[in-house]
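Okay, here's what each chain looks like letter by letter:
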Amino acid sequence: MKITTDHIQSSNKPLEINHAREFNFLAEKLEKKGLDVEALIQKLQDLQIAIPSWALGTGGTRFGRFSGGGEPSSLIQKIQDVGILHALNRSSDSISLHIPWDIPQNYDAILQTAAEGEIRFDAVNSNTFQDQADQSLSFKFGSLANNDKSIRELAIAHNKEVIQIGEKLGSKALTVWLADGSSFPGQHSFRKTLQNTHESLHEIYQELPNDWKMLIEYKPYEPYFYSTVISDWGTSFLLANKLGEKAFTLVDLGHHLPNTNIEQIVATLMTESKLGGFHFNDSKYGDDDLTVGSIKPYQLFLIFNELVAGFEETSNPASAWMIDASHNLKDPMEDLLQSVEAIKLAYAQALIVDRKSLAEAQGSQDVGQGQEILQEAFRTDLRPLVREAIRQSGGAISPIQSYRELKVRESLIKERGKESKASVL
Ligand code: PSV
Ligand code: MN
């Protein structure tokens, strides 16, 4: 299925009058506050969020998986699905591949499909948290951190291969999420595994093209339950600093213990210009991979508040934005549309924060006023602004409504079959 301009126009038609009324009302309000609405729209249009190749099918838990049908069973189909999302919201212009879950076979066909959907290739992700079918040595007790040199070499070679694949696709970053850790005290030496990890990453870093970044993700627990080698932002930051200027920390929102102040981590990393990327999702208990903004929208806003301020006031380079969620109840495509909308909304709220007054309130220790300023932005309903930004980019006023009206899932089931399952999930 391909979404055409006609599809978008016809599904926008019944919404146009009401949307215009809501947008004009909001635009007047924002302008009265001295905000430049056109500039806000431009910024919102510029924010593009990558879709991971593994989020297009129904996810599962360790207890089961309930597939919804019409899932993309090949990389080409996954790229086509991202093309559908991008046609609807004009905000997801790239796909992030996990290797070897999605090893490109026919590069010409893949690049052509991507070009047809106006899709680029975002960061490529290596995977040393599983053994592949024909693998000579096992990663069961670790990969880049393993005490066995030959196992480390295998993991290093895999990461180098991922870079080579990414180069053929036009990717500009390698994301390393290292699952290595231990499940029991005494299982391994903390110092040794950290040193091994640094040495392994250093070897991979040597292979990184000059215009690439290495994004180092951290996570406190899971799949191991006692310790993880790169467990927190501090360890990731330490490694990124040691490796060099092309290495950065990547923040995945679900990779924090409950109630961690993620916005403060963001601010700290940006102060040191070491924030390289984001994996968006939401969580109640752990790495729940829920729809962005579905549980803690105020936290999401506070994070964006730091991001906006950080990009204005520090020399932190542009970051890679990606959704890293899993959907076992909702249609994955609808879930992704909801996540992108939540991200844009939080960004819009952060953009309208009165930063001058906030700095004044902070300078005069006016605690109450600081809170007022942030909550004024958070409580302003900016949905019409986000919708207008998407509409002006040629997208749907309500991407989800259009997705449903255009019967996208039904068409995909017709094309691919009820039993079609996303590869590797
Ligand atoms: C690990 O939980 C993670 O967040 C990493 O980014 C992986 O690449 C991704 O999820 C998929 O397992
Ligand atoms: Mn992640």
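One can find the structure itself at the top, above this paragraph.
What you see is a predicted model, and the numbers here were worked out from it, not measured in a lab. (Residues numbered from 1 in each chain as written. Chains lettered and ligands numbered in written order. Predicted model: local features only at pLDDT ≥ 70, side-chain atom pairs only at ≥ 80, totals over all residues.)

## A closer look at helix α4 (residues 75–89)
Counted only if it meets this: Under the scheme used here, helices are H or I runs from DSSP no shorter than 4 residues and strands are E runs no shorter than 2 residues, and both carry numbers assigned from the N terminus. The span you would expect from a helix comes to 1.5 Å times its residue count less one. Counts of 20 or more other C-beta atoms within 10 Å of a residue's own C-beta define buried residues, counts of 12 or fewer define exposed ones, and intermediate counts define partly exposed ones; C-beta atoms are placed from the backbone.
Its 15 residues give α4 an end-to-end C-alpha distance of 21 Å, which sits within 8% of 21 Å, the value for a rise of 1.5 Å per residue. Across the 15 residues that make up α4, a large majority, 14, are buried. A positive phi of about 50° marks R90, the residue just after α4.

## Notes on unusual backbone geometry
Across the junction of I99 and P100, the peptide omega takes the value 15°, indicating a cis bond. For P100, the location among the structural elements is in the loop between β4 (94–98) and α5 (107–116). Going from E222 to P223, the amide bond is cis rather than trans, its omega being 10°. Note that P223 resides in the loop between β8 (213–217) and β9 (227–228). The backbone of E118 shows a phi angle near 55°, a positive value even though the residue is not glycine. Assignment of secondary structure puts E118 in the loop between α5 and β5 (120–125). Its identity is not glycine, yet D289 carries a phi of approximately 55°, on the positive side. Here D289 is to be found in the loop between β11 (275–280) and α10 (297–313). Residue classification places D289 among the buried positions, given that 20 C-beta atoms sit within 10 Å.

## Quick word on the site of ligand 1
Selection rule: As used in this record, a residue near a molecule or strand is one whose C-beta atom, placed from the backbone, is within 6 Å of it. Just so you know the grouping, Ala, Val, Leu, Ile, Met, Phe, Trp, Tyr, Cys and Pro go in nonpolar, Asp, Glu, Lys and Arg go in charged, and all remaining residues, Gly too, go in polar.
By nearness alone, every residue bordering ligand 1 is listed as W54, H98, N125, W177, E217, K219, D252, H279, D287 and D324. Residue classes in the shell around ligand 1 are distributed as two nonpolar, three polar and five charged.

## Focus on the sheet that holds β4
The test is simple: In short, DSSP must find at least two bridges between two strands for them to pair. What counts as a contact here is a pair of residues whose C-beta atoms, placed from the backbone, lie within 7 Å. Orientation is described by axes fitted as lines to C-alpha atoms, over the contacting stretch for helices, and by angles from 0 to 180 degrees between their N-to-C directions.
Taken together, eight strands build an open sheet; the order of strands is β1-β4-β5-β6-β8-β10-β11-β12 and the sheet is parallel. Looking along the sheet, the strands with just one partner apiece sit at the ends: β1 (51–52) and β12 (320–323). As judged from the four bridges shared by strand β10 (residues 247–252) and β11, these two strands associate in the parallel manner. In the strand pairing of β11, T249 is matched with L275. This element, helix α8 (residues 233–243), spans β8 and β10 of the sheet and lies at about 160° to β10. Along the sheet face, helix α9 (residues 262–271) touches β10 and β11 and points at about 170° away from the line of β10.

## Some points on the pairing of β4
Applicable threshold: Crossovers are marked right-handed if the path from the first strand over the helix to the second runs clockwise, as seen with the strands pointing away from the viewer.
Most of β4 sits out of view: four of its five residues are buried. Looking at chain direction, β1 and β4 are connected through two bridges and run parallel. Of the residues in β4, the one forming a bridge with I51 is I95. Relative to β5, β4 runs parallel, the two being bridged by four bridges. Bridging across to β5, L97 finds its partner in V124. Taken together, β4, α5 and β5 constitute a β-α-β crossover, and its handedness is right-handed.

## Notes on the packing of helix α3 (residues 37–46) against helix α11 (residues 332–351)
Note the threshold: In this scheme the handedness of a crossing depends on how the near helix is turned from the far one: anticlockwise by less than a right angle means left-handed, clockwise means right-handed.
Between α3 and α11, whose axes approach to 10 Å, the crossing angle comes to 145°. Crossing angle aside, the handedness with which α3 passes α11 is right-handed. Every residue of α11 that contacts α3 at L40, K43 and L44 is listed here: K344, Y347, A348 and L351. Broken down by class, the residue content of the contact of α3 with α11 amounts to five nonpolar, no polar and two charged.

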